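Results of the structural survey
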Amino acid sequence: MSISVRPKLQAGSVCCWQSDWIESVLAQAYKIASKIVVAYGMERKAYETGFRHDDTLLKIVSFPDPDRKITIKARIFWEGLNDLSNACIDRSGDSDFYLKLDGDEVMSEAFMEEFLSLIPEAVERELPITADYWHFIRDFTHVISDPIYHEYRLRGFPIVLGISFCHPDFLNTVFPSITTASL
């Protein structure tokens, strides 16, 4: 399949307790996505432990949406992270590619440009996009240096029939272009 136009991008964001970041995340996604689906809420076990909501949902609902790109799926609690993650995938057929964001993941301009440049090839070759991560603590000048926190994680994938999360960073499908080697 040859891609001559940029595929339609859908951004999905799972969030709860991300009041400090969510407006920045939505602003960045709004620039590049034709659709944004936000699944808001905590896991059942957090709710049953006594955690309560902050003003994150209010900030999402109040975010300017003149192009009506944002869909909000909010619950007091969800059964688990898979339910939250899967609620973010709109399988209606009007998006070609999915950008996975958490409610506290602010992308650099360089990352956004590189991610967008990889989408046509990922769609053509039916491959997911992963990205190398650094985890910050307290602010953007303190990085957790332990190698275990420096990892590649799922960032995006072509939206194909039947695709769903079986873990927040794994999908229930193997893309046809990926081959596995036995160890």
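Here's what I pulled together on the structure shown here. (Residues numbered from 1 in each chain as written. Predicted model: local features only at pLDDT ≥ 70, side-chain atom pairs only at ≥ 80, totals over all residues. Heavy atoms only, no water.)

1. Examining the overall build of the protein chain
A count of helical and extended segments in the protein chain gives five helices and eight strands. Sequence-ordered secondary structure for the protein chain, helices as α and strands as β, is β-α-β-α-α-β-α-β-α-β-β-β-β. Per-residue burial over the protein chain gives 40% buried out of 183 residues. Sequence-distant contacts in the protein chain: of pairs separated by 6 or more residues, those separated by 24 or more amount to 73%. (Helix = DSSP H or I, 4+ residues; strand = E, 2+ residues; numbered from the N terminus. Buried < 20%, exposed > 50% of the residue type's maximum accessible area, 1.4 Å probe, protein only. Contact = heavy atoms within 4.5 Å.)

2. Considerations on unusual backbone geometry
Positive phi, close to 60 degrees, is recorded for Trp17, a residue that is not glycine. Positionally, Trp17 belongs in the loop between strand 1 (9-15) and helix 1 (22-32). For Glu126, which is not a glycine, the phi torsion comes out positive at approximately 55 degrees.

3. Quick look at helix 5 (residues 109-125)
Between its first and last C-alpha atoms helix 5 spans 25 Å; for 17 residues at 1.5 Å apiece the expected length is 24 Å, and the two agree. The axis of helix 5 is deflected most strongly, by about 35 degrees, at Ile119, and proline Pro120 appears within four residues downstream. The complete set of buried residues in helix 5 reads Met112, Phe115, Leu116, Ile119, Ala122 and Val123. (Expected span 1.5 Å × (residues − 1). Bend = angle between axes of the 7 residues up to and from the residue.)

4. Focus: the pattern of salt bridges
Using the criterion set out here, one finds six salt bridges in the structure. The partner of Lys31 in a salt bridge is Glu109, with the nearest N and O atoms 3.5 Å apart. Within this pair, whereas Lys31 is found in helix 1, its partner Glu109 is found in helix 5, the two being separated by 78 residues in sequence. The exposure class assigned to Glu109 is partly exposed, which follows from its relative accessible area of 44%. Arg44 is paired through a salt bridge with Glu48; the nearest N and O atoms lie 3.1 Å apart. Residue Arg44 and its partner Glu48 are both found in helix 2 (residues 44-49); the two are separated by four residues, about one turn of the helix. Residues joined by salt bridges that share partners form a network here, namely Lys35, Asp90 and Asp94. (Salt bridge = Lys/Arg side-chain N within 4 Å of Asp/Glu carboxyl O.)

5. So, helix 1
For an α-helix the count is 3.6 residues per turn, leaving residues at separations of three or four pointing the same way. Listed as buried for helix 1 are Ile22, Val25, Leu26, Gln28, Ala29, Tyr30 and Ile32. In this structure, the buried side of helix 1 is in contact with strand 1, strand 2 (35-43), helix 3 (56-62), strand 3 (70-78), strand 4 (97-102) and helix 5.

6. Things to note about the nonpolar core
In a soluble, globular protein the nonpolar side chains are often hidden away together inside. By size, the foremost hydrophobic cluster in this structure holds 30 residues, and its most contacted members are Leu9, Leu26, Ile36, Phe97, Leu99, Phe115 and Ile119. When contributions to this core are tallied by element, the ones reaching two or more residues are strand 1, helix 1, strand 2, strand 4 and helix 5. Not counting the four nearest positions on each side in its chain, Leu99 is found in contact with Leu9, Gln10, Ala11, Gly12, Ile32, Met107, Phe115, Arg155 and Gly156. (Core = buried A, V, L, I, M, F, W, Y, C linked by side-chain atoms within 4.5 Å.)

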